[in-house]
Amino acid sequence: MAGLYKLLCCYYFSIVWLIRSQLPKYYNKPMSEKHDKPRTFEEEKLQAEIDLLKSEKAKIDTEQARLDKENKLPWYKSERMIQAFIAGIVAVPLLWFFFKDVAMPIYQRENLKLAYDVEKVRIENEKQKIRIDSIQILMLEKDSIARVQLENAWDQLKVKEQEYEKNRNDLIQQNQRIIEGLRLKNQNDHKQEEEIKNLKDNIAQLSVSEIITNLPLKLNAAFILEGDGIEYWETPKNTKLFAAAYPDALVFHYDSGESLETSAKYQQADKTMASVHVLIGRDGRMIQLLPFNTIAWHAGKSDYKGRSGYNNFSIGIEFVNAGALTKKDGKFRSWMGKAYEASEVVELTHKNESQPRYWLKYTDEQIKRAEQLCQLLTQKFSIKEILGHEDLAPGRKQDPGPAFPLARFQERYLK
Ligand SMILES: [Zn+2]
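Residues numbered from 1 in each chain as written. Predicted model: local features only at pLDDT ≥ 70, side-chain atom pairs only at ≥ 80, totals over all residues.

This part is about the overall build of the protein chain. A count of helices and strands for the protein chain gives nine helices and 15 strands. Within the protein chain, the proportion of its 415 residues that are buried is 20%. Pairs at least 24 residues apart make up 66% of the contacts formed inside the protein chain by residues separated by at least 6 positions. (Helix = DSSP H or I, 4+ residues; strand = E, 2+ residues; numbered from the N terminus. Buried ≥ 20, exposed ≤ 12 C-beta atoms within 10 Å, placed from the backbone. Contact = placed C-beta atoms within 7 Å.)

Rendered as structure tokens:
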């Protein structure tokens, strides 16, 4: 580059020198032509001197011109022209060199650079455009894919939401059912507890006989009663069985024995020409002496509505009850002499008599047992009559007497 600057300097000075040599008259112009300002006296004086010198110089120049004309050289011998020529010869290759090797390459290079830049920008723009398009396409694709995915996800979400709702509802219903179940169970438990408590309370208040008589009766295949408070005492003296259609009647009695056991022993005894199927004690305990398919001897000579010999048709049920009582010195006594409280006695007229008498009441346990027996036996046999011994042998027999609610039993247990 240093060489280039030297060349440029040379060229510059040669150009300046050429111009300077060609413009001498400019410097000889009068001051008045250059300045329009009013002049001072000193200036005027100086101008006058300059003008004088100029006119003298003009005279000299004229003389010189005349002399030059006389001694005129051809143009190619002119010193200035030779100088200009030489300067031109030097300048042209320099200029050529400058333009060709320096300016042009620089220009071209700049142009190229610019073109490259433009091209680069264009390409970049193109690339950017493509990239944008690609991105747009990609975005569109992505959008469509994303939309599809989103729709799928949404559908799945909907399904899941529905499932969730269903499960939730099921769970709620299940819980409600469980809660309801628990509530009912609690209620039932509470009820059961109350019932158990009531039962316990009732049981606590009940006597043993009451507990026994509250228990249901069962009849086994041998026509023998089963259950708590029931005993079976075998009575071999009776062996004859009922005919196929019988028994069809129930007959109630009382036995004025001292207790259930003494009555049973008496009935069971071989020498006693009497027997009964079942005895009911004052406390509700029972002793069965004969199976219900076996004929007992409880009715004796008996007639009722044209039928006689009721032993062959009927089951005999006997209560431990003293029957009719006599009142003496304010006390109620049985024919055996046993005394009873007034609360145990009722004054009633027997249906076969005309005057009221005192009768020993049946206990609640006995009535309950009688009801249980009627229930059981009317189911087991086709019972058509429920009677008292007094109905079969009026005048001879008073049992079970007016203290026993026979009519109620007939009403309840006969179809
Ligand atoms: Zn009797």
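This paragraph deals with helix α7 (residues 364-380). Taking 1.5 Å of rise per residue, the 17 residues of α7 would be expected to cover 24 Å, and the 24 Å separating its terminal C-alpha atoms lies within 8% of that figure. All of the buried residues along α7 are E365, Q366, R369, A370, Q372, L373, C374 and L377. (Expected span 1.5 Å × (residues − 1).)

Next up on the list: the sheet that holds strand β10 (residues 324-328). In spatial order, the strands read β12-β11-β10-β14-β13; together these five strands make up an open sheet with antiparallel pairing. The sheet is open, and its two edges are formed by β12 (339-340) and β13 (345-349), each paired on a single side. Of the strand pairs in this sheet, β10 and strand β14 (residues 356-360) are connected by two bridges, and their pairing is antiparallel. Within the sheet, the bridge partner assigned to L325 lies in β14 and is Y358. (Pairing = 2+ DSSP bridges.)

The pairing of β13 with β14 spans five bridges and is classified as antiparallel. By the bridge assignment, V346 is partnered in β14 with W359. Here β13 folds back onto β14, and the loop between the two strands holds six residues.

Another aspect to go through is the environment of K331. Relative to the helices and strands, K331 is located in strand β11 (residues 331-333). Residue classification places K331 among the exposed positions, given that 12 C-beta atoms sit within 10 Å. When the C-alpha atoms of K331 and A342 are compared, they prove to be 7.7 Å apart, with eleven residues separating the residues in sequence.

On to the sheet that holds strand β4 (residues 249-255), then. Ordered in space as β3-β6-β5-β9-β4-β15, the six strands form an open sheet in which the pairing is mixed. What marks the edges here is a single partner per strand, and that holds for β3 (230-232) and β15 (385-388). Neighbour-to-neighbour, the strand axes of this sheet turn through a mean angle of 20°, independent of strand direction. With three bridges joining them, strand β5 (residues 278-280) and strand β6 (residues 286-288) adopt antiparallel strand pairing. The residue of β6 that forms the bridge with L279 is I287. (Axes fitted to C-alpha atoms, helices over the stretch in contact; angles between N-to-C directions.)

Core analysis: the largest hydrophobic core is formed by 43 residues, its most contacted members being L250, V251, V278, L279, I280, I317 and C374. Examining the composition of this core, we find that five residues originate from one element, β4, more than from any other. If sequence neighbours within four positions are ignored, I280 has contacts with M286, I317, F319, V320, Q366, R369 and A370. (Core = buried A, V, L, I, M, F, W, Y, C linked by C-beta atoms within 7 Å.)

Time to look at the environment of K240. Following the sequence through the fold, K240 ends up in the loop between β3 and β4. For K240, a count of 11 C-beta atoms within 10 Å gives the class exposed. Setting aside its immediate chain neighbours within four residues, K240 contacts T294 and I295.

Attention shifts here to unusual backbone geometry. The phi angle of most residues is negative, glycine excepted, and most peptide bonds adopt the trans form. Following Y246, the chain continues to P247 via a peptide bond in cis, the omega torsion being 10°. Looking at the element boundaries, P247 is found in the loop between β3 and β4. P400 follows D399 through a cis peptide bond whose omega is 5°. Tracing the sequence through the fold places P400 in the loop between α8 (389-392) and α9 (406-413). Phi is positive for K305, close to 50°, though the residue is something other than glycine. If you trace the backbone, K305 turns up in the loop between β7 (303-304) and β8 (307-308). Taking the number of C-beta atoms within 10 Å as the measure of exposure, K305 has 8 and is therefore exposed.

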